[in-house]
Amino acid sequence: MPTRTLRIPTPDGQADAIAVLPGKSGRHPGVLLYTDAFGVRPVLEDMARELAEHGYYVLVPNLYYRRGPAPVVELPPHIGEEVRPGIIGELMPLVQELTTERVLRDAGAYLDFLAAQPEVDAGPVAVTGYCVGAALAMRTATAHPARVAAVAGFHPGFLVTDAPDSPHRRIPELAAEVHIGLAEGDLTPEAHGELDEALDAAGVRHSTEVYPGAVHGFTMSDTDAFDRAAYQRHWDRLLPLLRTLGSG
């Protein structure tokens, strides 16, 4: 799949990103993919290529571009449990810098970029995210209901919180079809209930599902959390959802 390294203008600077295109020419539905907390790295590029093979133009931005180009924190080829706490300790200040205001400024820039590409279909796009990226995906979809037709989040972090600006509190503004794939323990039963209630009240097509036996991070093959069955289930849910956009 053709892969491009990009710099996308945002109100706060230039966000480095990769874009992966289908092998065939023409225009294709756009997908904005938000990474997990570990950021842009080979496993995310592989996932973007998988989506592109199904006919989508996939944009993967560096969430931490304000700190520098990816990788902002040095990562080993495999993020085992013995090194994970130290890496998370380095990354948490960067995650905390992703305020709602910054996320929404970036989201508008990424959607504008996709809309301007000659290889991307006119009309709404899909947004998907992993871990913290799931919350960013939901913020993007709720802030731009006319521009996002499908939103997915897997092993989400910070999706349902006590904060006044928690992403789930904006769900009444949502228009996109939704799938949320949860690891066991990602949400308390009470938080899961709040999420479902908000989606029901929004009147959108949606599903929230706990993937049996999976732990947080189950899609990431470069971590000890990887679960092959849950990873496949994630594709089995994501690809039909993206058909909301049509195929490239």
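The preceding data block contains the structure.
Throughout, residues of each chain are indexed from 1 in the direction in which the sequence is written. Only residues with pLDDT of 70 or above have their local features reported here, since the model is predicted, and side-chain atom pairs are shown and tallied only from 80 upward, although totals for entire chains, interfaces and linings are computed over all residues. The basis for the side-chain values is all heavy atoms of the structure; hydrogens and waters are excluded.

### What to know about empty space enclosed by the protein
Item 1. With a 1 Å grid spanning the protein atoms alone, the term cavity applies to any set of points in which a 1.4 Å probe fits but cannot get out, the term pocket to an open set with protein on both sides within 12 Å along at least five of seven lines, and the term lining residue to any residue with an atom within 4 Å of a point. Grid points are joined across faces, edges and corners, and a volume is the space filled by probe spheres set on the points. One pass over the structure, following the stated rule, counts 3 cavities of 30 Å³ or more.
Item 2. For the largest cavity, the calculated volume is near 70 Å³.
Item 3. If you trace the largest cavity, you find it lined by Phe38, Gly39, Val40, Asn62, Tyr64, Ala70, Pro71, Val72, Val73, Leu75 and Leu91.
Item 4. Considering only residue class, the lining of the largest cavity consists of 9 nonpolar, 2 polar and no charged. Charged residues are taken to be Asp, Glu, Lys and Arg, nonpolar residues to be Ala, Val, Leu, Ile, Met, Phe, Trp, Tyr, Cys and Pro, and polar residues to be all remaining types, Gly included.

### So, the pairing of strand β8 (residues 206–210)
Item 1. For strand β7 (residues 177–182) and β8, the ladder comprises 5 bridges, and the chain directions are parallel. Bridging across to β8, Val178 finds its partner in His206.
Item 2. Looking down the strands as they point away from you, a crossover is right-handed if its path from the first strand over the helix to the second goes clockwise. Each helix is a run of DSSP H or I of at least 4 residues and each strand a run of E of at least 2, with the numbering of both proceeding from the N terminus. The parallel pair β7 and β8 is bridged by helix α5 (residues 189–202), and the resulting crossover is right-handed. Only when DSSP finds a minimum of two bridges between them are two strands counted as paired.

### Quick word on the pairing of strand β4 (residues 57–61)
Within a regular strand, side chains alternate between the sheet's two faces.
Item 1. Within β4, 5 of the 5 residues are buried, which leaves the element mostly enclosed by the surrounding structure.
Item 2. Side chains Tyr57, Leu59 and Pro61 of β4 all project onto a buried face; the interleaved residues Val58 and Val60 project onto the opposite face, where all are buried too.
Item 3. Summarising the sheet, strand β2 (residues 13–20) and β4 pair through 4 bridges and their orientation is antiparallel. In the strand pairing of β4, Ile18 is matched with Val60.
Item 4. Judged from the 3 bridges that link them, strand β3 (residues 30–34) and β4 form a sheet pairing that is parallel. Within the sheet, the bridge partner assigned to Val31 lies in β4 and is Val58.
Item 5. Crossover connection from β3 via helix α1 (residues 42–53) to parallel β4: handedness right-handed. Each residue is placed in one exposure class: buried if its accessible area under a 1.4 Å probe, protein chains only, is under 20% of its type's maximum, exposed if it is over 50%, and partly exposed if it falls in between.

### Here we look at a negative patch on the surface
Item 1. Together, Asp162, Glu190, Glu194, Glu197 and Asp200 give the surface a local cluster of negative charge.
Item 2. Along the chain, Glu197 turns up in helix α5. Nonpolar side chains (Val, Leu, Ile, Met, Phe, Trp, Tyr) within 5 Å and like charges within 9 Å form the patches, drawn only from residues with over 30% relative accessible area and no salt bridge. Computed with a 1.4 Å probe, the accessible areas rest on the Shrake-Rupley method; for each residue, only the protein chains presented here act as cover. In the sections that follow, a salt bridge refers to a side-chain nitrogen of Lys or Arg positioned within 4 Å of a carboxyl oxygen of Asp or Glu. The convention is simple: Lys and Arg are positive, Asp and Glu are negative, and His and the chain ends are not counted. Charged side chains are reduced to one point each, which is NZ for Lys, CZ for Arg, CG for Asp and CD for Glu.

### Things to note about the packing of helix α3 (residues 100–116) against helix α4 (residues 132–143)
Packed helices, taken two at a time, are described by the angle between their axes plus the distance between the axes.
Item 1. Here an angle of 0 to 180 degrees is reported between the N-to-C directions of two axes, which are lines fitted to C-alpha atoms, with helices fitted over the stretch in contact. The N-to-C vectors of α3 and α4 enclose an angle of 70 degrees; their axes lie 10 Å apart at closest approach. Taken together, the axis directions place α3 and α4 in an arrangement best described as roughly perpendicular. Crossing handedness for the pair α3 and α4: right-handed. Here Thr100, Val103, Leu104, Ala107 and Leu111 of α3 lie close against α4, whose contacting residues are Leu136, Arg139, Thr140 and Ala143.
Item 2. Residues belonging to the contact of α3 with α4 are distributed by class as follows: 6 nonpolar, 2 polar and 1 charged. Each angle is binned into one of four classes, with values under 35 degrees roughly parallel, values over 145 roughly antiparallel, values of 65 to 115 roughly perpendicular, and all other values oblique. Two helices that cross are described as forming a left-handed crossing if the nearer one is turned anticlockwise from the farther one by less than a right angle, and a right-handed crossing if clockwise. Contact definition: two residues touch when any of their heavy atoms are within 4.5 Å.

### Regarding the packing of aromatic side chains
Item 1. To pair, rings of Phe, Tyr and Trp, with the six-membered ring standing in for Trp, must have centres within 6.5 Å; the planes then decide the type, stacked if under 30 degrees apart, edge-to-face if over 60, and tilted in the middle. Summed over all chains, the structure comprises 5 aromatic pairs.
Item 2. With a centroid separation of 6.0 Å and an interplanar angle of 80 degrees, the aromatic rings of Tyr231 and Trp235 are classed as edge-to-face. Placement of the pair is Tyr231 and Trp235 together in helix α6 (residues 228–242), with a separation of 4 residues, close to one helical turn. Neither residue differs from the other here; Tyr231 and Trp235 are each classed as buried.
Item 3. Through a chain of ring-to-ring contacts, the aromatic side chains of Phe226, Tyr231 and Trp235 assemble into a single cluster.
Item 4. Only Lys NZ and Arg CZ are tested; either one counts as a charge over a ring when it is within 6 Å of the ring centre and within 35 degrees of the ring normal. Just above the ring of Tyr211 sits the side chain of Arg233; from NZ or CZ to the centre is 5.5 Å.

### Structural notes on the sheet that holds strand β1 (residues 3–10)
One key point about sheets: their strands pair by backbone hydrogen bonds, in either a parallel or an antiparallel sense.
Item 1. Strand order in the open sheet made by the 8 strands is β1-β2-β4-β3-β5-β6-β7-β8, with mixed pairing throughout. If you trace the sheet from one side to the other, it starts and ends with β1 and β8, each paired once. Pairwise comparison of adjacent strand axes, ignoring direction, gives a mean angle of 20 degrees for this sheet.
Item 2. When strand β6 (residues 148–154) meets β7, the two strands line up parallel, connected through 5 bridges. Counterpart to Ala152 in the pairing with β7 is His179.
Item 3. Docked against the sheet, α3 engages β1, β2, β3, β4, β5 (125–130) and β6, running at close to 130 degrees with respect to β1.
Item 4. The strands touched by α4 are β3, β5, β6 and β7; relative to β5, the strand with the most contacts, the crossing angle is about 155 degrees.

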